[in-house]
Amino acid sequence: MTIEVGDQAPDFTLLSHHGEPVTLSSYKGEKNVVLLFYPWAFTSVCTSELCEIRDRLGNFDNDDTVTFAISCDSKFALRIFAEREGYTFTLLSDFWPHGDVARAYGIFRESEGVAVRGTFIIDKDGVVQYIVVNDIDDARDPAEYEKVLASLH
């Protein structure tokens, strides 16, 4: 499945790194949502990307916006990752059924069993307003997301 700008974002419920269910549609009408899919916890590019979000968190987690970082790692691994790096935003586990949400967004790589680097910004109506998909080794630029989010206010 391929998601395009203007599409309704596929809904999902995933467990957070604290084991709590998070449902995308619960933010409809309330907040813009940034979904940051990444391949693996504890790897250098993933860690540096998420540390940039951590260091600019006020732009990504506020009254208008919530940010979720999603990987196919278990909630247990994600909890240790979040604690080690000081992430206060929510990490979501697409562990089981393995990669179902990444597949729904068209960014699951079967050969490695992970999501590639995909970012989806979803407005308060649940409509995808921005997409960038990078290969596993190619970091994304959070400054791009900040511009898109500013345009949604």
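Please refer to the structure higher up on the page.
So, a few notes on the structure that sits alongside this text.

Points about helix 2 (residues 75-85)
Residues spaced three or four apart along an α-helix face the same direction, because each turn holds 3.6 residues.
And then number 1: Buried within helix 2 we find Leu78, Phe81, Ala82 and Glu85. For helix 2, the angular spread of the buried residues around the axis is 95 degrees, confining them to a single face. Projecting away from the buried face of helix 2 at angles above 90 degrees are the exposed residues Phe76, Glu83 and Arg84.
And then number 2: In this structure, the buried side of helix 2 is in contact with helix 1 (44-55), strand 4 (65-71) and strand 5 (90-93).
And then number 3: Glycine 86 sits one or two residues past helix 2 and shows a positive phi near 75 degrees.

Section: the packing of aromatic side chains
And then number 1: Scanning the entire structure with this criterion turns up eleven aromatic pairs.
And then number 2: Ring geometry for phenylalanine 81 against tyrosine 87: centres 5.2 Å apart, planes inclined by 85 degrees, an arrangement best described as edge-to-face. A single burial state applies to phenylalanine 81 and to tyrosine 87, both of which are buried.
And then number 3: Each ring, one from tyrosine 105 and one from phenylalanine 120, has its centre 4.9 Å from the other, and the planes form 65 degrees; the classification is edge-to-face. Of this pair, tyrosine 105 sits in the loop between helix 3 (100-104) and strand 6 (108-109) while phenylalanine 120 sits in strand 8 (residues 117-122), placing them 15 residues apart in sequence.
And then number 4: Here the aromatic residues Tyr38, Phe42, Phe81, Tyr87 and Phe89 are joined through ring pairs into a cluster of three or more.

Remarks on helix 4 (residues 142-152)
And then number 1: Of the residues making up helix 4, those classed as buried are Pro142, Tyr145, Val148 and Leu149. Buried residues in helix 4, looked at end-on, bunch into an arc of 115 degrees, giving them a common side. For helix 4, the exposed residues lying more than 90 degrees away from the buried face are Lys147 and Ser151.
And then number 2: Where helix 4 is buried, its residues meet strand 3 (32-37), helix 1, strand 4, strand 8 and strand 9 (128-134).

Re the sheet that holds strand 8
And then number 1: Strands sit in the order 2-1-5-4-3-8-9 across an open sheet of seven strands; the sheet is mixed. Strands with a single pairing partner mark the edges of an open sheet, and in this sheet they are strand 2 (21-23) and strand 9. Going across the sheet, the axis of each strand differs from the next one's by a mean of 30 degrees, ignoring polarity.
And then number 2: With three bridges joining them, strand 1 (residues 13-16) and strand 2 adopt antiparallel strand pairing. Following the sheet pairing, threonine 13 is matched in strand 2 by threonine 23.
And then number 3: Each of strand 3, strand 4, strand 5 and strand 8 is contacted by helix 1, which is oriented at about 25 degrees to strand 8, the strand it contacts most.

A look at the nonpolar core
And then number 1: Phe12, Leu35, Phe37, Tyr105, Ile107, Phe120 and Ile122 are the most contacted members of the largest nonpolar core, which has 26 residues in total.
And then number 2: For this core, the secondary structure elements donating two or more residues are strand 3, strand 4, helix 3, strand 7 (114-115) and strand 8.
And then number 3: Setting aside chain neighbours within four positions, we find isoleucine 122 in contact with Ala9, Leu24, Asn32, Val33, Leu35, Tyr105, Val127 and Val128.
And then number 4: Core analysis: the second largest hydrophobic core is formed by 23 residues, Phe60, Leu78, Leu91 and Val132 among them.

Quick notes on the rules
Residues numbered from 1 in each chain as written. Predicted model: local features only at pLDDT ≥ 70, side-chain atom pairs only at ≥ 80, totals over all residues. Heavy atoms only, no water. Buried < 20%, exposed > 50% of the residue type's maximum accessible area, 1.4 Å probe, protein only. Helix = DSSP H or I, 4+ residues; strand = E, 2+ residues; numbered from the N terminus. Arc of directions from axis to C-beta. Contact = heavy atoms within 4.5 Å. Phe/Tyr/Trp six-rings, centres within 6.5 Å; stacked < 30°, edge-to-face > 60°. Pairing = 2+ DSSP bridges. Axes fitted to C-alpha atoms, helices over the stretch in contact; angles between N-to-C directions. Core = buried A, V, L, I, M, F, W, Y, C linked by side-chain atoms within 4.5 Å.

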